[in-house]
Amino acid sequence: MKRKAFTLVELLVVIAIIGILVAMLLPGVQMVREAARRTSCMNKLRQIGLATLSFEGVHEAYPPARLFPKLNAIAPYDRGTNQPSWLVRILPFVEQQPFYEQWDLSKPYDEHDNEVISRALELYFCPSRRTLDTAKAPDVNQSVAVSAPCGCGGIFQITVIGGATGDYAGNHGDLSPGSVGADTDYYFGGNGTGVIISSQAITQSNSLTPRLDWIDRITHGAISDGTSNTVLAGELHVTAENLNVIPFNGPIFNGEDLAAFSRIGGPGVPILGPKEESPTGVLGFGSWHPQVCNFVYADGSTHSVQTTIDTVTLGKLCNRADNQPF
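Student: Would you take a moment to explain the overall build of the protein chain for this structure?
Tutor: Regarding its fold elements, the protein chain presents five helices and 11 strands. Burial status across the protein chain gives 50% buried among its 326 residues. Of the roughly 15400 Å² of accessible surface on the protein chain, a fraction of 57% belongs to carbon and sulfur atoms.

Student: In this structure, what is going on with helix α5 (residues 311-318)? I would like to understand it.
Tutor: One turn of the α-helix equals 3.6 residues, which is why residues spaced by three or four share an orientation. Restricting attention to buried positions, one finds in α5 the residues T313, L314, G315, L317 and C318. Packed against the buried residues of α5 are β4 (168-173), β8 (231-235) and β10 (292-297). By the N-cap criterion, in which a side-chain oxygen at the helix start approaches the backbone nitrogen of a residue two or three places on, α5 is capped by D310, the distance to V312 being 3.2 Å.

Student: Explain the side chain of N294 to me, please; I cannot follow it from the model alone.
Tutor: Along the chain, N294 falls in strand β10. Only 2.7 Å separates the side chain of N294 from the side chain of S304, close enough to count as a polar contact. Apart from the residues lying within four places of it in its own chain, the contact partners of N294 are R38, C41, M42, L45, G234, E235, H289, H303 and S304.

Student: Looking at this structure, how should I read the environment of W86?
Tutor: With respect to the secondary-structure elements, W86 resides in helix α2 (residues 86-89). Since its relative accessible area comes to 1%, W86 is described here as buried. Spatially, the C-alpha atom of W86 lies 9.6 Å from that of A169, the residues being 83 residues apart in sequence. Residues contacting W86, with those up to four places away along its chain left out, are I48, T52, P63, P64, A65, A169, G170, I196, A233 and F261.

Student: Is there a simple way to explain the sheet that holds strand β11 (residues 302-306) in this structure?
Tutor: Think of a sheet as strands paired side by side through backbone hydrogen bonds, with each pair either parallel or antiparallel. With mixed pairing, five strands are arranged side by side in an open sheet as β9-β4-β8-β10-β11. Looking at strand neighbours, the two that pair on one side only are β9 (262-264) and β11, the edges of this open sheet. Across this sheet, the average inter-strand angle for adjacent strands is 40°, counted without regard to direction. Bridge analysis of β4 against β9 gives three bridges, and the strand direction is parallel.

Student: Which parts of the structure should I look at to understand the pairing of β8?
Tutor: Residues in a regular strand point their side chains to alternate faces of the sheet. When you tally the buried positions in β8, you get five out of five residues, the bulk of the element. As paired elements, β4 and β8 share three bridges and run antiparallel to each other. Looking across to β8, one finds that Y168 is bridged to E235. Of the pairings in the sheet, the one linking β8 to β10 comprises three bridges and is antiparallel in character. Bridging from a neighbouring strand, G234 pairs with F295 of β10.

Student: What exactly am I supposed to notice about the packing of aromatic side chains here?
Tutor: Any aromatic ring pair is given by two values, namely how distant the centres are and how the planes are angled relative to each other. Tallying each qualifying case throughout the model produces 11 aromatic pairs. Both rings, one in Y187 and one in F188, keep their centres 4.8 Å apart while their planes meet at 50°; by these two values the pair is tilted. Neither residue differs from the other here; Y187 and F188 are each classed as buried. The structure contains a cluster of three or more aromatic residues connected by ring pairs, namely F99, W103, Y109, Y124 and F253.

Student: How should a nonpolar patch on the surface be read in this particular structure?
Tutor: Taken together, the side chains of V9, V13, I17, I20, L21 and M24 make up a nonpolar region of the molecular surface, amounting to roughly 590 Å² of accessible area. Mapped onto the fold, V9 is located in helix α1 (residues 8-59).

Student: Hey, could you run me through the nonpolar core in this one?
Tutor: Proteins that are soluble and globular tend to have nonpolar side chains buried together. Among the nonpolar cores identified, the biggest contains 55 residues, and W103, Y124 and F253 are the most heavily contacted of them. Counting residues per element, the ones that place at least two in this core are α1, α2, α4 (114-117), β3 (155-164), β7 (211-214) and β8. A per-element tally of this core places α1 first, with five residues. In this structure, W103 is in contact with P84, V88, L91, Y109, H112, V116, I117 and F253, ignoring residues within four places of it in sequence. Ranked by size, the runner-up nonpolar core spans 15 residues in total, among them A169, V231, V238 and L314.

Student: How should I be thinking about the pattern of salt bridges in this particular structure?
Tutor: Pairing between side chains of opposite charge can happen when their charged atoms approach one another. Counted by the stated rule, this structure contains three salt bridges. Three or more residues are tied together by salt bridges with common partners; here these are R129, R130 and D167.

Student: What is the right way to look at the environment of F295 in this model?
Tutor: Note on placement: F295 falls in strand β10. Note: C-alpha distance between F295 and V231 (64 residues apart in sequence) is 6.8 Å.

Student: Can you help me understand unusual backbone geometry in this one?
Tutor: Keep in mind that most residues, glycine aside, have a negative phi and that most peptide bonds are trans. Residue Q291 is not a glycine yet carries a positive backbone phi of 75°. Along the chain, Q291 turns up in the loop between β9 and β10. Overall, Q291 belongs to the exposed group, its relative accessible area being 60%. Positive phi is not limited to glycine here, since N323 has a value of about 60°.

Rules used in this analysis
Residues numbered from 1 in each chain as written. Predicted model: local features only at pLDDT ≥ 70, side-chain atom pairs only at ≥ 80, totals over all residues. Heavy atoms only, no water. Helix = DSSP H or I, 4+ residues; strand = E, 2+ residues; numbered from the N terminus. Buried < 20%, exposed > 50% of the residue type's maximum accessible area, 1.4 Å probe, protein only. Areas by Shrake-Rupley, 256 points an atom, 1.4 Å probe, with all protein chains shown as cover. Contact = heavy atoms within 4.5 Å. Polar contact = N/O pair within 3.5 Å; in protein donor to acceptor, adjacent residues only side chain to side chain. Pairing = 2+ DSSP bridges. Axes fitted to C-alpha atoms, helices over the stretch in contact; angles between N-to-C directions. Phe/Tyr/Trp six-rings, centres within 6.5 Å; stacked < 30°, edge-to-face > 60°. Patch = residues over 30% accessible without salt bridge, like charges linked within 9 Å, V, L, I, M, F, W, Y side chains within 5 Å. Salt bridge = Lys/Arg side-chain N within 4 Å of Asp/Glu carboxyl O. Core = buried A, V, L, I, M, F, W, Y, C linked by side-chain atoms within 4.5 Å.

Below, the structure is given as structure tokens:
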């Protein structure tokens, strides 16, 4: 009797067909997974936005990006530089009260326990970029020179310390205040045109323990262009090779490293992708999602903005009071 079986040729044909089908399905599967990651990223920004609005409701001002004096500050406005960033201040409003209580907002970042500064929060990173286990800059504790954010050839001496990293940054505004190494530059206290800006600090002594308070308060009414026309926070730009590398993607709780938790956008500072370098050296917003970057606006709404948006329009979205609502 003749035995029925597959020939070698038939087997190879079947394997080839299966391989072709898998190759055709794989991009679709990847697109579905990326769509899910993009939605998750958007939901995280929405939670950050709502927490920040709750903070504003309680304190009658949006949180300061950090405490930082002006270039030639004199007492009593010469305090602050490396206190915890705004992402610590909103912790009680994202159901992280026990974690928040481990921080002292008047105490330098590097004086907190390593376990505290190294604790990464899933809410603060985009799933397209990293996992909870990889959301951390190396443990380093040394003073280093980094390029000034003005791109003007100057340098700043900052203390680089490891800690938890993240993917979201507050809107510090646009480049219109200047970035030339002057006292009016955007990164000094009170100069930012955004919603989450650097603020000057002053000692508040009406308690048993003196603490630092911020004086450059951005209120709801200060956003004259309208909260629905102004960015509150968005995805920060970092290239794949600079992930978790200071100062491109430093610890998000360290108030001394502005680019780690706050960015600007507008002429000279476009939205960039994972393989693009900043054309001016100033770090802005950017995303690893194809063609779009996620933002939450000052009214709590979330939007995916095309990475090809012209920088003039982007600047209008980042400036809270340029009388050019978009």
